[in-house]
Amino acid sequence: MDVPDYTPVDAPVPQGEVVIERACTAQDLGPKLNRTAADVVHFLLQAGEMLTATHSLSDDMIELFAEDIGANIRLVDPGEEQEVELQKLLEMDANETPDGPLRPPVVTVMGHVDHGKTLLLDRIRNANVVEGEAGGITQHIGAYQVEHNNKRLTFLDTPGHEAFTAMRARGARATDIVILMVAADDGVMPQTIEAINHAKAAEVPILVAVNKIDRDNADPQKAIAGVAEHGLVPEAWGGDTIFQEVSALKNLGIEELLDHLLLLAEVEDLRSDPQGRATGVVLESNLNIGRGPVATVLVQRGTLRVGDPLVAGASWGRVRALLDDHGENVSEAGPSTPVQVLGLSDVADAGDVFVVAASEKLANRVASKREHWQRQSSLGREAHALSGGARLEDIFSQIQRGEAATLNMVVKADVNGSLEAVTESLRKLERNEVKIRFVHRGVGGITENDVALAAASNATILGFNVRPDRKARELAETEKVEVRSYEIIYKLLEDIEAAMLGMLTPEFDEVVTGEAEVREVFRVPRVGSVAGCFVLNGVIKRGSGVRFLRQGTIIWKGEISSLKRFAEDAREVAAGFECGIGLSNFQDLKQGDVIETFENRLVERSLDN
């Protein structure tokens with residue numbers, strides 16, 4: 001077939017670099033270069049390429065056409081074009097005002113587990129968060145803002161357990177100053193060294209707080225010498241690191257510590273433009289019943305406002321509400337301000353960078369592309385997982401036979417930071433004869449879908465601070481799917497490691513004895529809130545241990561303080577009956593919540609049961 005000569009259209013070629021997606025069609029390519037789809041098809045026909053306007057073009061075809069008309073192009077992967085557009089917007093904002101006014105310093109508190117980081121923040125912001133943590137160990141990132149000498153400081157509280165190394169690393173990247181907590185009675189410990197390394201990698205100043213100086217066996221000078229061995233030499237010794245002795249318990253040295261922080265911030269001359277497009281980092285995220293996906297973010301540049309179109313990783317949305325660290329609604333948040341964001345389409349990943357986009361349409365397109373590629377990647381992993389692998393209970397027998405084993409797992413957690421920590425910790429347990437494969441990881445309660453996936457892939461379900469609902473539990477029993485729930489991360493790791501090594505020993509296990517749904521909440525004078533419940537299954541007994549669940553997530557654990565059938569006290573209430581339940585030290589009762597009772601029973605745990 002004779003093809004007429006191609007005559008270039010007499011139209012100006014776009015100036016500068018034009019971003020073109022790989023595998024685009026002639027219909028996509030033409031308008032970007034001030035040409036029509038017919039122009040592209042006609043030119044390629046002359047070059048010997050038989051195609052239509054809707055065929056995907058190869059890199060060579062795109063480059064050939066661009067070269068012919070004299071256009072300067074950059075080929076990017078699908079979805080990256082929107083990323084480039086977002087980046088250009090940010091660069092424009094940065095070029096307009098590169099410095100801006102002074103902003104509050106972002107301070108990260110790091111150190112070994114139980115060296116007093118959270119108690120220090122508790123003293124600074126006069127709020128108790130230690131008691132709410134299982135085992136007294138911080139397991140989520142917290143962000144708080146305080147005022148000292150009429151100046152604001154932002155604090156990030158990162159977990160100290162070694163499982164949360166990744167979260168501490170993320171905190172260091174988001175921070176301006178690091179407070180390194182070292183206990184005067186303990187000295188330098190493994191996580192102390194990790195924290196020093198993270199802070200040095202982030203190239204931020206470090207202020208060392210020597211805590212617990214009130215203890216009888218405290219030796220501050222020994223602790224200081226231990227830190228100095230790792231390159232942080234005190235000013236008193238001729239170095240440039242500030243050391244401050246404190247007692248978080250006795251509230252000693254806290255004022256001096258804050259003074260030092262403000263001095264360091266002044267030297268650092270921290271500035272950021274509050275007028276530009278808001279961008280920052282997601283510190284934590286979770287799925288809140290009633291509010292939907294909630295992300296705790298740190299604004300690093302610009303001002304985030306209610307109504308802004310936002311994209312964070314594969315999540316996007318228009319900001320519906322902003323909550324400050326006291327839970328109060330605010331209309332905007334400037335640089336160095338931590339806020340909770342409501343209105344996202346999905347739970348954002350902790351560590352994601354968030355950006356205010358030019359429009360909801362752009363935010364949606366960027367997030368959709370990211371989600372597509374994430375889904376393609378995870379589908380490949382799931383298909384691989386379905387092709388083999390074993391449950392926890394089968395692992396040891398395979399090892400005994402001299403076979404290499406792969407342990408399939410479905411992991412669910414209450415928030416993204418915990419999910420990341422559990423995943424990374426489990427990966428460290430891998431050995432040559434035992435590999436771990438994650439079939440699925442997610443945030444929220446354990447559902448029927450999780451159990452079905454575990455059954456199909458021969459996987460064990462691990463829950464961290466979450467529980468299966470009744471239907472999920474029943475399906476797990478039917479499908480013989482092993483479900484293990486934990487509230488302390490090192491207990492989870494000990495159990496999995498013990499199972500992998502075949503070292504399970506007799507111990508007490510929690511056995512669910514009953515389940516009741518809250519149908520009404522009554523306010524009783526001098527008593528407080530009492531839950532009017534219907535017992536769904538099992539038997540509810542007075543004095544039983546209780547897990548209080550909201551959409552499968554554990555929000556409180558304690559005991560039943562009172563149990564009534566109509567107006568009479570009852571020792572127990574069986575399934576199918578109504579009752580009134582009073583809980584010890586817990587008043588946040590809502591319709592639809594589930595009260596799950598349990599007993600500790602001595603059981604022989606083995607890999608065969």
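Look up: the structure comes first, before these words.
Residues numbered from 1 in each chain as written. Predicted model: local features only at pLDDT ≥ 70, side-chain atom pairs only at ≥ 80, totals over all residues. Heavy atoms only, no water.

1. Some details on the overall build of the protein
- For the protein, the count of helices and strands is 15 helices and 30 strands.
- Taking all 609 residues of the protein together, 50% fall into the buried category.
- Look at the contacts in the protein between residues 6 or more apart in sequence, and 71% of them connect residues 24 or more apart.
- Accessible surface for the protein amounts to roughly 28,500 Å². Of this, 47% is attributable to carbon and sulfur atoms. (Helix = DSSP H or I, 4+ residues; strand = E, 2+ residues; numbered from the N terminus. Buried < 20%, exposed > 50% of the residue type's maximum accessible area, 1.4 Å probe, protein only. Contact = heavy atoms within 4.5 Å. Areas by Shrake-Rupley, 256 points an atom, 1.4 Å probe, with all protein chains shown as cover.)

2. As for the sheet that holds strand 5 (residues 151-157)
- Taken in spatial order, the six strands line up as 4-5-3-6-7-8 in an open sheet, and their pairing is mixed. Bordering the open sheet on either side are strand 4 (142-148) and strand 8 (242-245), each of which pairs with just one other strand. Between one strand and the next, the sheet's axes are offset by a mean angle of 25°, whatever the strand orientation.
- Where strand 3 (residues 106-111) lies against strand 6 (residues 177-183), five bridges are found, and the strand directions are parallel. Opposite Val-109, over in strand 6, you have Ile-179 as the bridge partner. (Pairing = 2+ DSSP bridges. Axes fitted to C-alpha atoms, helices over the stretch in contact; angles between N-to-C directions.)

3. Re the sheet that holds strand 18 (residues 353-356)
- Strand order in this open sheet of eight strands is 13-12-18-9-10-17-14-15, and the pairing throughout is antiparallel. Across the chains shown, the open sheet's two edge strands, defined by having one partner strand only, are strand 13 (315-318) and strand 15 (329-330).

4. Looking at unusual backbone geometry
- Even without being a glycine, Asn-251 presents a positive backbone phi close to 60°.
- Along the chain, Asn-251 turns up in the loop between strand 8 and helix 9 (254-268).
- By relative accessible area, which is 46% here, Asn-251 ends up partly exposed.

5. A word on the side chain of Ser-315
- Along the chain, the position of Ser-315 falls in strand 13.
- A polar atom in the side chain of Ser-315 sits 3.2 Å from the backbone oxygen of Asp-346.
- Leave out the neighbours within four places in its chain, and Ser-315 touches Leu-310, Ser-345, Asp-346, Val-347, Ala-348 and Ala-367. (Polar contact = N/O pair within 3.5 Å; in protein donor to acceptor, adjacent residues only side chain to side chain.)

6. Considerations on the packing of aromatic side chains
- What the rule picks out here adds up to three aromatic pairs.
- Arranged with centres 5.5 Å apart and planes meeting at 65°, the rings of Phe-43 and Phe-65 form a pair that is edge-to-face. One end of the pair, Phe-43, is in helix 2 (residues 37-46); the other, Phe-65, is in helix 3 (residues 59-69), with 22 residues separating them in the sequence.
- For the pair Phe-548 and Phe-586, a centre-to-centre distance of 4.8 Å together with 55° between the ring planes defines the contact as tilted. Taken together, the positions of Phe-548 in strand 25 (residues 545-550) and Phe-586 in the loop between strand 29 (578-583) and strand 30 (594-603) put the pair 38 residues apart, joining distant regions of the chain.
- Aromatic ring contacts, followed pair by pair, group Phe-548, Trp-556 and Phe-586 into a single cluster. (Phe/Tyr/Trp six-rings, centres within 6.5 Å; stacked < 30°, edge-to-face > 60°.)

7. A word on helix 14 (residues 470-479)
- For helix 14, the set of buried residues is Ala-472, Arg-473 and Ala-476. The arc that holds the buried residues of helix 14, viewed along the axis, is 100°, so those residues lie on one side. What points out from helix 14, more than 90 degrees from its buried face, is the exposed set Glu-477 and Thr-478.
- After helix 14 finishes, the residue Lys-480 shows a positive phi value of roughly 60°. (Arc of directions from axis to C-beta.)

8. Some thoughts on the nonpolar core
- Leu-120, Ile-124, Phe-155, Ile-179 and Leu-261 are the most contacted members of the largest nonpolar core, which has 25 residues in total.
- Of all elements in the fold, only strand 3, helix 5 (117-125), strand 4, strand 5, strand 6, strand 7 (206-211) and helix 9 reach the threshold of two or more residues within this core.
- Looking at which element gives the most residues to this core, the answer is helix 9, with seven residues.
- Not counting chain neighbours up to four residues away, the residues in contact with Ile-179 comprise Val-107, Thr-108, Val-109, Met-110, Leu-120, Phe-155, Leu-207, Ala-209, Leu-257 and Leu-261.
- One finds Ala-37, Val-41, Phe-43 and Leu-44 within the second-largest nonpolar core, a separate group that totals 21 residues. (Core = buried A, V, L, I, M, F, W, Y, C linked by side-chain atoms within 4.5 Å.)

9. Looking at the pattern of salt bridges
- Per the stated rule, a full pass over the model turns up 22 salt bridges.
- One salt bridge connects Glu-360 with Arg-318, and the closest N-O pair in it is separated by 2.9 Å. Of this pair, Glu-360 sits in helix 10 (residues 360-386) while Arg-318 sits in strand 13, and the two are 42 residues apart along the sequence.
- Among the residues examined, Arg-318 registers a relative accessible area of 37% and is labelled partly exposed.
- A salt bridge links Lys-557 to Glu-487, with the nearest nitrogen and oxygen atoms 3.0 Å apart. Of this pair, Lys-557 sits in strand 26 (residues 553-565) while Glu-487 is found in the loop between strand 22 (483-486) and helix 15 (489-501), placing the two residues 70 residues apart along the sequence.
- The network of salt bridges with common partners includes Arg-467, Arg-470, Arg-473, Glu-474, Glu-515, Arg-547 and Glu-596. (Salt bridge = Lys/Arg side-chain N within 4 Å of Asp/Glu carboxyl O.)

10. Some remarks on the packing of helix 13 (residues 448-457) against helix 14
- Across the interface, helix 13 lies against helix 14 with an axial gap of 8 Å and an inter-helix angle of 15°. Between helix 13 and helix 14, the angle is such that the two are roughly parallel. In this structure, helix 13 meets helix 14 at a crossing whose hand is right-handed. Touching Glu-448, Val-451, Ala-452 and Ala-455 of helix 13 are Lys-471, Ala-472, Leu-475, Ala-476 and Glu-479, all from helix 14.
- By residue class, the composition of the contact of helix 13 with helix 14 is six nonpolar, no polar and three charged. (Parallel < 35°, antiparallel > 145°, perpendicular 65-115°, else oblique. Left-handed = near helix turned anticlockwise from the far one by under 90°. Nonpolar A, V, L, I, M, F, W, Y, C, P; charged D, E, K, R; others polar.)

11. Regarding the pairing of strand 25
- Most of strand 25 sits inside the fold, with six of its six residues counted as buried.
- Burial along strand 25 is two-sided: Gly-545, Arg-547 and Leu-549 and Val-546, Phe-548 and Arg-550, pointing in opposite directions, are all buried.
- Both strand 25 and strand 26 contribute to a ladder of six bridges, which runs antiparallel. Pairing of Gly-545 across the sheet is with Glu-559, part of strand 26.

12. Topic: the state of the cysteines
- Overall, the coordinates contain zero disulfides when judged by the stated rule.
- In this model Cys-533 remains outside any disulfide bridge; the closest cysteine sulfur is found in Cys-579, 5.3 Å from its own.
- Under the relative-accessibility criterion, Cys-579 is labelled buried at 6%. (Disulfide = S-S within 2.5 Å.)

13. Looking at helix 12 (residues 416-427)
- The terminal C-alpha atoms of helix 12, which comprises 12 residues, lie 17 Å apart, in line with the 16 Å expected from a rise of 1.5 Å per residue.
- The set of residues buried in helix 12 consists of Asn-416, Gly-417, Ser-418, Leu-419, Ala-421, Val-422, Thr-423, Ser-425 and Leu-426. (Expected span 1.5 Å × (residues − 1).)

14. Notes on a negative patch on the surface
- Side chains of Glu-49, Asp-60, Glu-63, Glu-67 and Asp-68 sit close together on the surface and give a patch of like negative charge.
- Among the secondary structure elements, Asp-68 is positioned in helix 3.
- Overall, Asp-68 belongs to the partly exposed group, its relative accessible area being 39%. (Patch = residues over 30% accessible without salt bridge, like charges linked within 9 Å, V, L, I, M, F, W, Y side chains within 5 Å. Lys, Arg positive; Asp, Glu negative; His and termini not counted. Charge placed at Lys NZ, Arg CZ, Asp CG, Glu CD.)

15. Looking at the pairing of strand 22
- Residues Arg-484 and Tyr-486 point to one face of strand 22 and are all buried, whereas Val-483 and Ser-485, pointing to the other face, are not buried.
- Across four bridges, the pairing between strand 21 (residues 460-464) and strand 22 is parallel. Each bridged residue has a counterpart across the sheet, and for Gly-463 the counterpart in strand 22 is Ser-485.
- In this fold, the crossover linking strand 21 to strand 22 by way of helix 14 has right-handed handedness. (Right-handed = clockwise from strand over helix to strand, strands pointing away.)

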